[in-house]
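The residues making up each chain are set out below.
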Amino acid sequence: MLDWLESKPNHPMTSVAEARKLLEDLPQEPQKALADAIHWVASLSETPGFRVDVRVQVLGVIDEIAQPLERAVRVLLLAQSQGRGGQAREHWQSVHEFWSQLAAGYGVCRRDYQAGAKGSLAAKGSLALIGAREIRALGQRMKLLLMRYQPLEEPLWAALHQAYAFAEKHRNASEILKAYSNDPIETSVRTEFAKALMLQMGDAENLSPQKIELAFRICYRFAPLFVLGPEHAPGASFVTDLSAPKPPRLVSIDEQPAPALRFFGIGQATPKLEEMITQNEQGLLAEEHRLGTDFSSGEKITVLKHLLLHWGPNPPHRSRTRVKISGELAVVHGYRAVCRHITNIESASMGEVTENLDVKARQKAGLDLAEEEIEEPPEVWMQQDASDLGVGALVPPNAGKWVAVGCLCAIKPAGDSRWWAGVVRRLRGDDKSRVGAGIEVLAKKPAAVWLRVLGRHEAKVSDWESASGSFAYDYLHAVMLTDHAKAHDRPVLLLEKNRFVPGQIYEMMVGDKSRHVILKEFLEQGEDYDLGSFEWYQGQVAPPA
């Protein structure tokens, strides 16, 4: 009865009506508008004296209005997320600051409720919504930090664990709700928590920024199928400790349940992930709208397979010894540059390939084409360590502006006359703003070859071309990874991005020899390449019309 005597907090938004009125004046430009929204969220969180229910309501209004602004800026970020400076950094900082302030704001609401502040009883019905939004904001922060390959510090894990423990304590972790009015699917605190944990265990640092966004969407879509609980369960390969500000880890063989431990994993999602892989493989040339039309089928297959591998019962880990090495490393990047440099390679089944392989292939094919110019000379990096299948190198400040996870490259260590094929798999920074790159060696004896399109084993190539519109020419440059680990006992090759279609048949031309190959399993899509397996083909091929 005496609520009207309470002093109001020193803030212009002390009610939902005041908040809506002030937010009507947000700028039209999304980034500027988002900056204003961030200011309001931060000021609301930092101002004392709010009733818990009022702070929740006002924060919710700012949050709902800011969501479309965040999405607009995030689209700009993803469109240029390979850049390490300029607008890409500004967009990243804006989106990251938004989710950071939002998580902090809902955290204040949660802690005020725990402390029994005024308005706690009125806010009780919003606890599940507070928890779901706080954990989603923390999950978004995780994703954005991973996109910049930055460490996930202890305060983030502490907030994540505390928010979920709070929901369990108040028995609303499994309450089904919509986090936002325009969300396409329902969620819960438990679902949001499982999504964040599984993103961490998906080895996202081994993906490009765009693929990290895709992995996040996959987690969002399949999170209700993930298993999460205080006991061991089928499909629960990981465990996290709610009492410690530490990341989750693999379950050990002798792991015993404890009050603060939560076991989690892929649960019942495996068949659904495999089904989506199959559907994308069958429609490599068609649009597939689930997970967003801004990702190709090849990118979806790549990330789905990556997550299945790392979420499985035996995820890969670094088992090879790395030795310290100091020396120069020549580096070129991009599919076409790699094809141009990888020429003087010995193939066990085909003999020696000469440096003029590409010219001979063109002459044999009757193509009167000038040799492609190499746009940039090789960069020189400093090698730091190496293993059988990897190289670590320091990128000089004046080089590597292109470098990003998923970039194809050719490297040549000092003292070696042979170019190796590799992919940048990891990036790391240090306190001196230096960038270190981890490069997976795909093959130390790759062979650049030319492929002539023949057809498919069930259709004429002319029919396939007219249906897909995928090929502008009859000849493709490819890289055979002669010493790469085989995929299901099949050899592996690289093609330019969006060129790998299972079932397509080619004539492989090497010097004066040729053999037919049929593409089999699509394995991975990088920034400008497809990786897949093939077989030597002995059957009949319908000639092009």
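Keep in mind it's a predicted model, so treat the numbers as computed, not measured. (Residues numbered from 1 in each chain as written. Predicted model: local features only at pLDDT ≥ 70, side-chain atom pairs only at ≥ 80, totals over all residues. Heavy atoms only, no water.)

### Structural notes on the overall build of the protein
Test applied: Under the scheme used here, helices are H or I runs from DSSP no shorter than 4 residues and strands are E runs no shorter than 2 residues, and both carry numbers assigned from the N terminus. Any two residues having at least one pair of non-hydrogen atoms within 4.5 Å are treated as being in contact. A 1.4 Å probe and the Shrake-Rupley method give the accessible areas. Residues count as covered only by the protein chains that appear here.
A tally of helices and strands in the protein yields 14 helices and 19 strands. Considering only contacts within the protein whose residues lie at least 6 apart along the sequence, 69% involve residues at least 24 apart. Carbon together with sulfur atoms contributes 51% to the accessible area of the protein, which is approximately 25400 Å² in total.

### Structural notes on the sheet that holds strand β1 (residues 227–229)
The cut-off we apply is this: Strands pair, by our definition, only if DSSP identifies at least two bridges between them.
Taking strand neighbours across the sheet as the criterion, the four strands line up as β1-β4-β2-β3 in an open arrangement whose pairing is antiparallel. Only two strands of the sheet have a single neighbouring strand rather than two, namely β1 and β3 (249–250).

### A look at the packing of aromatic side chains
What describes a pair of aromatic rings is the distance from one ring centre to the other and the angle between the planes of the rings. Where we set the bar: Put simply, two rings from Phe, Tyr or Trp (the six-membered ring, in Trp's case) pair if the centres are within 6.5 Å, and we call them stacked under 30 degrees between planes, edge-to-face over 60, tilted for the rest. Each residue is assigned to one of three classes by its accessible area relative to the maximum for its type, calculated with a 1.4 Å probe on protein chains only: buried under 20%, partly exposed between the two thresholds, exposed over 50%.
According to the stated counting rule, one finds eight aromatic pairs in the structure shown. Aromatic pair Y164 and F193: ring centres 4.2 Å apart, planes at 10°, arrangement stacked. In this pair, Y164 sits in helix α7 (residues 154–169) while F193 sits in helix α8 (residues 189–201), placing the two residues 29 residues apart along the sequence. We classify Y164 as buried; its relative accessible area is 4%. Assessed through its relative accessible area of 0%, F193 is described here as buried. Ring geometry for F238 against F264: centres 5.5 Å apart, planes inclined by 40°, an arrangement best described as tilted. Of this pair, F238 sits in strand β2 (residues 238–241) while F264 sits in strand β4 (residues 261–265), and the two are 26 residues apart along the sequence.

### Here's the deal with the nonpolar core
Definition in use: We call a set of buried residues a nonpolar core when its members are Ala, Val, Leu, Ile, Met, Phe, Trp, Tyr or Cys and they connect through side-chain atoms within 4.5 Å of each other.
Core analysis: the largest hydrophobic core is formed by 154 residues, its most contacted members being W311 and W381. Dropping the residues within four chain positions of it, W311 is found in contact with M198, M201, G202, C219, F226, S237, F238, I266 and L273. Judged by nonpolar contacts, the second largest core, of five residues, contains V227, A236, V239 and F263.

### A closer look at the pairing of strand β19 (residues 529–536)
Of all eight residues in β19, six are buried, a share of seventy percent or more. By the bridge criterion, five bridges tie strand β16 (residues 492–496) to β19 in an arrangement that is antiparallel. Opposite L494, over in β19, you have L531 as the bridge partner.

### Here's the deal with the sheet that holds strand β12 (residues 435–443)
This is how the line gets drawn: Between the N-to-C directions of two axes lies an angle of 0 to 180 degrees, each axis being a line fitted to C-alpha atoms and, for a helix, fitted only over the stretch in contact.
Around the barrel, which closes on itself, the six strands sit in the order β5-β8-β9-β12-β11-β10 with antiparallel pairing between neighbours. Strand-to-strand twist across the sheet, computed as the mean angle between neighbouring axes with direction ignored, equals 45°. In this structure, strand β11 (residues 420–429) lies alongside β12, joined through eight bridges in antiparallel fashion. Bridging across to β12, L427 finds its partner in A437.

### With respect to the packing of helix α3 (residues 52–79) against helix α6 (residues 127–147)
Selection criterion: Orientation labels follow simple angle bins: below 35 degrees gives roughly parallel, above 145 gives roughly antiparallel, 65 to 115 gives roughly perpendicular, and whatever is left gives oblique. For any helix crossing, the convention is left-handed if the near helix is rotated counterclockwise from the far helix by under a right angle, and right-handed if that rotation is clockwise. Three classes are used, and their members are as follows: Ala, Val, Leu, Ile, Met, Phe, Trp, Tyr, Cys and Pro are nonpolar, Asp, Glu, Lys and Arg are charged, and the others, Gly among them, are polar.
Where α3 meets α6, the axes come as close as 13 Å, and the angle between the chain directions of the two elements is 25°. Here α3 lies roughly parallel to α6, going by the angle between them. α6 is crossed by α3, and the crossing has left-handed handedness. Across the interface between the two elements, V56, G60, D63, E64, R74, L77 and L78 from α3 touch I130, R133, K143, L144 and M147 from α6. Of the residues contributing to the contact of α3 with α6, the split by class is six nonpolar, one polar and five charged.

### Details of the pairing of β2
Sheet analysis places β2 next to β3, joined by two bridges and oriented antiparallel. From the neighbouring strand, F238 faces β3, where its bridge partner is L250. The pairing of β2 with β4 spans four bridges and is classified as antiparallel. Across the sheet, the residue bridging to F238 is F264, located in β4.

### Points about helix α2 (residues 30–46)
Quick reminder of the rule: Between the first and last residue of a helix there are one fewer steps than residues, each counted as 1.5 Å, and that sum is the expected span. Think of a polar contact as two N or O atoms within 3.5 Å of one another; within protein, one of them needs to be a possible hydrogen donor and the other a possible acceptor, and neighboring residues in sequence only count if both atoms come from side chains.
Between its first and last C-alpha atoms α2 spans 24 Å; for 17 residues at 1.5 Å apiece the expected length is 24 Å, and the two agree. Buried within α2 are the following residues: Q31, A33, L34, A37, I38, W40, V41, A42, S43, L44 and S45. Where α2 starts, the residue carrying a side-chain oxygen 3.1 Å from the main-chain nitrogen of Q31 turns out to be E29.

### Looking at the side chain of H91
Locating H91 in the fold gives a position in helix α4 (residues 86–114). Owing to a relative accessible area of 6%, H91 belongs among the buried residues under this scheme. A distance of 3.1 Å separates a polar atom in the side chain of H91 from a polar atom in the side chain of Q31. Not counting the four nearest positions on each side in its chain, H91 is found in contact with Q31, V73, L76, L77 and Q80.

### Considering the packing of helix α10 (residues 270–282) against helix α11 (residues 297–311)
The N-to-C vectors of α10 and α11 enclose an angle of 155°; their axes lie 9 Å apart at closest approach. For the element pair α10 / α11, the angle class is roughly antiparallel. Viewed along their axes, α10 and α11 form a crossing whose handedness is left-handed. Here T270, L273, E274, M276, I277, N280 and E281 of α10 come into contact with α11, specifically with S297, K300, I301, L304, K305, L308 and W311.

### Quick notes on the confidence of the model for the protein
Where we set the bar: Note on scores: pLDDT gives the predictor's confidence for each residue, bounded by 0 and 100.
Here the protein shows a mean pLDDT of 85. Residues at 70 or above account for 83%. At the level of individual helices and strands, the protein shows its lowest average pLDDT in strand β6 (residues 346–347), which scores 34, and its highest in α7, which scores 98. Here residues 458–473 scores under 50 on pLDDT; set against residues more than four positions off or in separate chains, the count is 29 contacts.

### Things to note about unusual backbone geometry
The residue D489 is not glycine, and still its phi comes out positive at about 65°. Under the relative-accessibility criterion, D489 is labelled exposed at 72%. A positive phi angle is found at N498, which is not glycine, with a value near 70°. Position of N498 among the secondary structure elements: in the loop between β16 and β17 (504–510).

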